Amino acid sequence: MIADAARSRDIPYEGLSGRRVAVTGATGGIAGAICAAAAAGGASLVIHGRDAKALDRLAATLSKTGAEVQTVPGDLADEARDVAEMIAAAGPVDVLINTAGVYTPGTLLSVDVDTICQDFDVNAASAIATMQAVLPGMNARGRGRIVNVSSGGGSFGEGLATGHAAYAISKAALNAATVLGAASARGDVKVNAMCPGWVRTRMGGQGAPRSPEEGADTALWLATLPADGPSGRFFRDRRAIPW
Ligand SMILES: NC(=O)c1ccc[n+]([C@@H]2O[C@H](COP(=O)([O-])OP(=O)(O)OC[C@H]3O[C@@H](n4cnc5c(N)ncnc54)[C@H](OP(=O)(O)O)[C@@H]3O)[C@@H](O)[C@H]2O)c1
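All of the points below concern the structure found in this document.

This part is about the site of the ligand. The environment of the ligand is made up of 28 residues, and the closest members are Gly25, Gly28, Gly101, Thr201 and Gly204. If one sorts the elements of the shell around the ligand by residue count, helix H2 (residues 29-40) sits on top with 3 residues.

Spelled out as structure tokens, the structure:
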């Protein structure tokens, strides 16, 4: 099903035209596919990245489609609040996709607590900061979509990724923040989390079975949910999975 969805990528996701879509970690693999699909669908983009040159190159590429692109540089390990404020200041955000993420291997006993805290800042706290920055405006306008790119590694129901403590803890926290974000949403505002599966990116490695476009599909589907769509849920391959 996902492969079919990816093959139909030349057909833009419905509902993005004229929307302002903000994407964190936009210079990453899955986020790159999200940005390309959003631009093809007629969205304007607010793209965040920590590598200013790579961010400018991405903006130039996306602009060639005719999309309006604004850039927000910043390291989410220590500038998340500034990044969140800049995203909100770019103009009313219709769709927020928190994609930035870091992966550090190691069990609870082998990974340093400072590393766990740093991964938490990037994987969870930054998404909390961006939600705090844009969710009130979405609530006031009565419409919005927030998608947190999480991982089955942070799912209690899937057993947590016990060999990857920093990642599992931070993604479980991101999942909790998603539930709390959904509880704070009003009107036609939806907050969901998704797992992209194992994807060929710098994080996933070249041995992963899924393309970035396949990894991006469920995030874009959640970004374009109709008013009667779900909120406060966790998805993979457009299907609900356990927290
Ligand atoms: N790939 C998989 O198999 C897989 C599986 C499950 C979940 N995910 C999730 O999918 C999301 C996207 O990952 P990906 O596979 O596309 O990996 P990726 O290509 O490595 O992208 C990760 C992105 O996060 C950014 N980032 C990392 N640390 C940052 C920091 N301190 N400040 C700002 N940005 C930072 C990276 O910036 P730079 O470009 O500057 O490095 C990059 O843009 C992540 O949240 C990841 O946990 C991926």
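Where helix H4 (residues 80-89) is concerned, the buried positions are Ala80, Val83, Ala84, Ile87 and Ala88. Along the long axis of H4, the arc covered by the buried residues comes to 135°, so they all point the same way. The secondary structure elements touched by the buried residues of H4 are strand S1 (20-23), strand S2 (44-49), strand S3 (69-73) and helix H5 (113-141). Gly91, located one to two residues past H4, shows a positive phi value of around 130°.

Looking now at the pairing of strand S6 (residues 188-194). The side chains of a regular strand alternate, first on one face of the sheet and then on the other. For S6, a buried count of 6 out of 7 residues is recorded, marking the element as mostly surrounded by other parts of the structure. Examined bridge by bridge, strand S5 (residues 143-149) and S6 share 7 bridges and lie parallel to one another. Note on S6: the bridge partner recorded for Asn148 is Ala193. Remark: the S5/helix H6 (residues 165-184)/S6 crossover connection has right-handed handedness. Sheet topology note: the S6/strand S7 (residues 234-236) ladder contains 2 bridges and is parallel. The residue of S7 that forms the bridge with Met194 is Phe235.

Criteria and cut-off values
- Per chain, residue numbering runs from 1 following the sequence as it is written.
- In view of the model being predicted, local features appear only for residues whose pLDDT reaches at least 70, and side-chain atom pairs are presented and counted only at 80 or more, with totals across whole chains, interfaces and linings using the full set of residues.
- Nearness is defined per residue: the C-beta atom, placed using the backbone, must lie within 6 Å of the molecule or strand.
- Only DSSP runs of H or I with at least four residues qualify as helices, and only runs of E with at least two residues qualify as strands; both kinds are numbered from the N terminus onward.
- Field definition: a residue is buried when 20 or more other C-beta atoms are found within 10 Å of its C-beta, exposed when 12 or fewer are, and partly exposed for counts in between, with C-beta atoms placed from the backbone.
- Starting at the helix axis, one direction is taken to each C-beta atom, and the arc is that of these directions.
- Placing a C-beta atom from the backbone of each residue, one calls two residues in contact when those atoms lie within 7 Å.
- We treat two strands as partners when DSSP finds at least two bridges between them.
- Seen with the strands pointing away from the viewer, any crossover whose path from the first strand over the helix to the second strand runs clockwise is right-handed.

It is worth stressing that arrangement in space is one thing and function is another; only the former is reported here.
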